[in-house]
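Residue strings, one per chain:
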Amino acid sequence: MAATPISLAPLRRSLEGIVAAVLATRDRAGTPNISMISQVHYVDDQHVALSYQFFNKTRRNLLETRLASVEVADPLTNATHRLTLEYLETQSAGPVFEEMRAKLAGIASHTGMAGVFRLLGADIFRVTDIEAVPSHLLPEPTNPRDPLKALRLSSARLRSCSDLTALFDATVDCLTGQFGVEHCMILMLDPDAERFFTLVSRGYAASGIGSEILLGEGIIGVAARERVPIRINHMTADYRYGAAIRESVIGSGIEWQAATEIPFPGLDSPSSQLAIPIMVQDKVFGVLFVESEQPMRFWHDDEDAMAVLADVLGACISSLSDCEVDIPEVETERAPPPIARSVTVRHFTRDDSVFLDHDYLIKGVAGAILWLLLRQHATTGRTEFTTRELRLDSTLRLPQHSENLDARLVLLRNRLNERSAPIRLEKSGRGKLRLCVAGGVTLESVGAETPLSV
Amino acid sequence: MPTYQSPASPQDEARLRQRSAHAFGPENPLTEELVTFLQSGISILIGTVEPNGVPLPRLAHGCRVTDIGTVRVILCRRAAARTIEAIDAGQPVAATFSRPEDHRSIQLKARSARVVSVEQEDVKATARQSGHFADVLAEFIFAREFAEAYVGYWPELLGVIEFTPDQAFVQTPGPGAGAALSE
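Residue positions are given per chain, counted from 1 along the sequence in the order it is written. Numbering of ligands from 1 and lettering of chains from A proceed in the order in which they are written. Where totals are concerned, whole chains, interfaces and linings use all residues; where local detail is concerned, this predicted model gives features only for residues with pLDDT of at least 70, and gives and counts side-chain atom pairs only at 80 or more. Just so you know, side-chain values use all the structure's heavy atoms and leave hydrogens and water out.

Visitor: So, the overall build of chain A: which residues are in play, and what are the values?
Guide: Strands here are runs of E lasting at least two residues and helices are runs of H or I lasting at least four, both read from the DSSP assignment and numbered beginning at the N terminus. Counting secondary structure elements, chain A contains 11 helices and 20 strands. Note on classification: 1.4 Å probe, protein chains only; a residue is buried when its accessible area is under 20% of the maximum for its type, exposed when over 50%, partly exposed between these limits. By residue count, 57% of the 454 residues in chain A fall in the buried class. Between two residues, a contact is recorded if the distance between any of their heavy atoms is within 4.5 Å. Taking all contacts inside chain A whose residues are at least 6 apart in sequence as the whole, residues at least 24 apart take part in 70%. For accessible areas, the Shrake-Rupley method is used with a probe of radius 1.4 Å. Any residue's cover is judged against the shown protein chains and nothing else. As displayed, chain A has an accessible area near 18,700 Å², and 52% of this comes from carbon and sulfur atoms.

Set out below in structure tokens:
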């Protein structure tokens, strides 16, 4: 009789780490060992990973015999299955390890074991048999969510966008409108500054556009580093943002940091979070981040659908950013007209931060771009610029291979609009920018002057 | 929102053991305090090994400790058919008892066990213990409906595995987990 092919796909819900699994091993002499295990992680259709947290009898048995069986239950229906496992290897770094580490932090926090549970490794097993175990079954819940339909509608909307501003807005609008996500944002990675900038958000009291997250912090940093979605379904302090950024940049001076900090808009007490890397031409552009105050808000099918959405977003960013070749202007994008008033623009060379009067606006490459445009406007009266000349300007120090200039311009434009500044940046065609200044502008540079290529 | 008790630690077990004497002589690791713990309506897991070497995990539904120190673990004959068959074939047994509120866990091991008939006291104990376990799960972890399904069993299909423990081990998570309870 031909063996039935192993497929874990129907059991993915049982591998969410909600119902603790029961693990049996034995030693070489045949003595059994039985324990609860907090995570049986879905790796692919034929493989699972178990969390290795302590060097205990289970661990010794696995290394001795490479055999285990584990019983898992569906957290909604209580359908129970026994998996027979063959131990292959232990991974102590990489995507599977990081996914499990993040999930374990959530489980530990949820079960009062924060500080006790710590992932030492992800033990990878081949599943050699799956057997249904009789159990008291609950009916399959009727599910009003339809991530596939949401994805299809969202994908069509994203592909219809003609510029990056519309694309980013459409993405977060689709996450809230089609996927029913309460809180979401898109963050752009600036590898040189080793941080993420919030480009756009929905569902927070303040937009937080321009706020920063240091590379490597929380699930956003881990998702970008490992290039893999990271999902947590219970609140955990281990991956919380809050004031983390302030604590992390003490080196640059607390007062200065406070003056140039835009509060990160994330929830204070999220119970579910999902961070998905956005890839553009094999490089991490940024991260799509969704969160909720509700535990168990994001399931594996949400993760699958939003991961494809992030792929579509990446493809659209790639095609819309390719604006080296000017094409005939079809439509110009109009920002709200600036309100006329006099303003003093201060530029600090230490980090290219720009203040409008005493209010912080933006820093980094976006700040340097604005300062460059304003200087040129002041000295030559120019208002029309091209993205090409910005790319070629050596003073902007755009990273050679990951400049994301168009996304930085979206960030700058959104910040100016949000601040109701008397300065606006309009897109006046493919690869073209228009600087609109209403009222008198006084420019002040603080610190060593950076030569401009006028 | 219910909160967990502070998690138990393996060191707590040593302290408890100093205060409670062996209940059934020096060969049996059970103390009076452990006898109470095992029957307090907590999570019970049974492990054995099939004659071909495959380890088998299963949930159990209740436990009774007899006057002579044997442990009766009550299972569902339908869901634990392979476990019961392996025990009947003379395979060794391991049983882990865990309290969800603080994660205190003890594992008992016996070189042999036997399958015996269910008694009326087993049925009563199982109903009482699984009811308490469902209450705790519903308070701390799951929705009530799921908690009841998770601990659910078919009363007419109960079976019993009986053994005298040779060894007991601390299995509470943390440093020192896995230590034998010798004294």
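From this point, things continue past the structure.
Visitor: Would you mind going over the sheet that holds strand β7 (residues 121-133) of chain A in detail, with residue names and values included?
Guide: Residue and element names in this part refer to chain A. With antiparallel pairing, seven strands are arranged side by side in an open sheet as β2-β1-β5-β6-β7-β4-β3. Because the sheet does not close on itself, it has two edges, and the strands there are β2 (32-37) and β3 (40-44). Adjacent strand axes in the sheet meet at a mean angle of 35°, parallel and antiparallel pairs treated alike. The pairing of strand β4 (residues 47-52) with β7 spans six bridges and is antiparallel. In the sheet register, A49 faces β7, and the bridge partner there is I124. In this analysis, strands are considered paired if DSSP registers two or more bridges between them. Angles here are taken between N-to-C directions and fall from 0 to 180 degrees, while the axes themselves are lines fitted to C-alpha atoms, restricted in helices to the stretch in contact.

Visitor: For the side chain of R26 of chain A, give the residues involved together with the corresponding values.
Guide: Counting through the fold element by element, R26 of chain A comes out in strand β1 (residues 21-26). In this charge count, Lys and Arg are treated as positive and Asp and Glu as negative; neither His nor the chain ends contribute. A pair is scored as a salt bridge if a Lys or Arg side-chain nitrogen falls within 4 Å of a carboxyl oxygen belonging to Asp or Glu. Here R26 of chain A is buried and forms no salt bridge, its nearest opposite-charge partner D27 of chain A lying at an N-O distance of 6.1 Å. What qualifies as a polar contact is a pair of N or O atoms within 3.5 Å, subject to a donor-acceptor requirement within protein and to the restriction that residues adjacent in sequence count only when both atoms come from side chains. Among the polar contacts made by the side chain of R26 of chain A, one reaches the main-chain carbonyl oxygen of G53 of chain B at a distance of 2.5 Å. Not counting the four nearest positions on each side in its chain, R26 of chain A is found in contact with T31, P32, N61, T65 and L67 of chain A together with V49, G53 and P55 of chain B.

Visitor: Explain the interface of chain A and chain B to me, and be specific about the residues and the numbers.
Guide: Contact residues are listed per partner, giving 41 residues for chain A and 37 residues for chain B. Carbon and sulfur atoms supply 67% of the area buried between chain A and chain B, which totals about 3,200 Å² over both sides. A 1.4 Å probe defines the accessible area here, and the buried area is the portion of it lost by two parts on being joined, summed over both. Considering only the side of chain A, the residues that lose the most area to chain B are P32, I34 and H136 of chain A, jointly responsible for 21% of the buried surface there. Summed over the shared surface of chain A and chain B, the result is two salt bridges.

Visitor: With reference to specific residues and values, describe the pairing of strand β8 (residues 158-163) of chain B.
Guide: Residues and elements named next belong to chain B. In terms of burial, β8 is largely enclosed, as six of its six residues are buried. Direction of pairing for strand β4 (residues 71-76) relative to β8: antiparallel, over a ladder of six bridges. The residue bridging L75 from the neighbouring strand is G159, located in β8. Relative to β8, strand β7 (residues 114-116) runs antiparallel, the two being bridged by three bridges. Looking at β8, one finds that R114 is bridged to E162.

Visitor: Lay out the environment of S105 of chain B in plain terms, naming residues and giving numbers.
Guide: Residues and elements named next belong to chain B. Among the secondary structure elements, S105 is positioned in strand β6 (residues 105-110). C-alpha separation for the pair S105 and A177, spaced 72 residues apart in sequence, amounts to 9.3 Å. The contact partners of S105, leaving out residues within four places of it in the chain, are F97, S98, F169, V170, Q171 and T172. A distance of 2.8 Å separates polar atoms of two side chains, one belonging to S105 and the other to S98.

Visitor: Outline the sheet that holds strand β5 (residues 93-98) of chain B, listing residues and values.
Guide: Strand pairing in a sheet relies on backbone hydrogen bonds, with the paired strands running either antiparallel or parallel. Residue and element names in this part refer to chain B. Spatially, the five strands line up as an open sheet ordered β2-β1-β5-β6-β9, and their pairing is antiparallel. Both outer strands of the open sheet, β2 (55-60) and β9 (167-170), are each paired with one neighbouring strand and no more. Each neighbouring strand pair of the sheet contributes to a mean axis angle of 20°, computed without reference to strand direction. Relative to β9, β6 is paired through four bridges, and the arrangement is antiparallel. Considered in β9, the bridge of K109 is made with Q167. Along the sheet, helix α3 (residues 81-88) makes contact with β1 (43-49), β2 and β5, crossing β1 at roughly 55°.

Visitor: Talk me through the environment of D102 of chain B; I want residue IDs and the actual numbers.
Guide: For D102 of chain B, the position within the fold is in the loop between β5 and β6. Along the sequence, D102 of chain B and S9 of chain B sit 93 residues apart, while their C-alpha atoms lie 8.9 Å from each other.

Visitor: Describe the side chain of Q171 of chain B, listing the residues and the values that go with them.
Guide: One can find Q171 of chain B in the segment after β9. Classification of Q171 of chain B as buried rests on a relative accessible area of 18%. The residues contacting Q171 of chain B, other than those within four sequence positions of it, are I34 and S35 of chain A together with T96, S105, I106 and Q107 of chain B.

Visitor: How would you sum up helix α5 (residues 144-151) of chain B? Please name residues and give values.
Guide: Among the residues of α5 of chain B, those classed as buried are F146, A147, A149, Y150 and V151 of chain B. Buried residues along α5 of chain B sit against β2 of chain A together with β2 and α4 (120-140) of chain B.

Visitor: Quick one: what's the story with the pattern of salt bridges, residue by residue and with numbers?
Guide: Scanning the entire structure with this criterion turns up 41 salt bridges over all chains. With a closest N to O distance of 2.3 Å, E212 of chain A and R195 of chain A form a salt bridge. Of this pair, E212 of chain A sits in strand β10 (residues 212-214) while R195 of chain A is found in strand β9 (residues 195-202), placing the two residues 17 residues apart along the sequence. On the basis of relative accessible area, E212 of chain A is assigned to the buried category, the value being 7%. The class of R195 of chain A is buried, set by a relative accessible area of 16%. The salt bridge involving E444 of chain A is made with R346 of chain A; its shortest N-O contact spans 3.2 Å. On the criterion of sequence distance, the pair formed by E444 of chain A in strand β20 (residues 441-446) and R346 of chain A in strand β14 (residues 343-348) is long-range, its members being 98 residues apart. Linked through salt bridges whose partners overlap, the residues forming this network are E71, R82 and E131 of chain A together with E50, R58 and R82 of chain B.

Visitor: Go over unusual backbone geometry, please, and point to the residues and values.
Guide: A positive phi is found at E194 of chain A, a non-glycine position, where the angle reads about 55°. Assignment of secondary structure puts E194 of chain A in the loop between β8 (183-190) and β9.

Visitor: Tell me about the packing of α4 of chain B against α5 of chain B, residues and numbers included.
Guide: A pair of packed helices is captured by two measures, namely the crossing angle of their axes and the spacing between those axes. All names here are of chain B. Direction vectors running N to C along α4 and α5 enclose 145°, while the axes themselves pass 8 Å from each other. Considering how the two elements wind past one another, α4 and α5 form a crossing that is right-handed. Here α4 contributes S130, F133, A134, D135, L137 and A138 to the contact with α5, which in turn contributes R144, A147, E148, Y150 and V151. Only Asp, Glu, Lys and Arg are considered charged in this grouping, and only Ala, Val, Leu, Ile, Met, Phe, Trp, Tyr, Cys and Pro are considered nonpolar; every other residue, Gly among them, is considered polar. Broken down by class, the residue content of the contact of α4 with α5 amounts to seven nonpolar, one polar and three charged. In this scheme the handedness of a crossing depends on how the near helix is turned from the far one: anticlockwise by less than a right angle means left-handed, clockwise means right-handed.

Visitor: Account for the packing of helix α9 (residues 364-380) of chain A against helix α11 (residues 405-418) of chain A, naming residues and giving values.
Guide: Residues and elements named next belong to chain A. Packing of α9 against α11 leaves a shortest axis separation of 9 Å and a crossing angle of 75°. Put simply, α9 runs roughly perpendicular to α11. From α9, V365, A366, I369 and L370 reach across to α11, where they touch L405, R408, L409, L411, L412 and L416. Of the residues assigned to the contact of α9 with α11, the class counts are nine nonpolar, no polar and one charged. Orientation is classified from the angle alone, with under 35 degrees giving roughly parallel, over 145 giving roughly antiparallel, 65 to 115 giving roughly perpendicular, and any other angle giving oblique.

Visitor: Tell me what's going on with helix α3 (residues 147-159) of chain A, and back it up with residues and numbers.
Guide: All names here are of chain A. The span expected for a helix works out to 1.5 Å for each residue beyond the first. Here α3 contains 13 residues, and its C-alpha end-to-end distance of 18 Å stays within 8% of the 18 Å for a straight helix at 1.5 Å per residue. Turning to α3, its buried residues are P147, A150, L151, S154, S155 and L158. Buried residues in α3, looked at end-on, bunch into an arc of 130°, giving them a common side. Residues of α3 that are exposed and point over 90 degrees away from its buried face: K149 and R152. Buried residues belonging to α3 abut α4 (164-177) and α8 (300-321). Directions drawn from the helix axis to the C-beta atoms are what define this arc.

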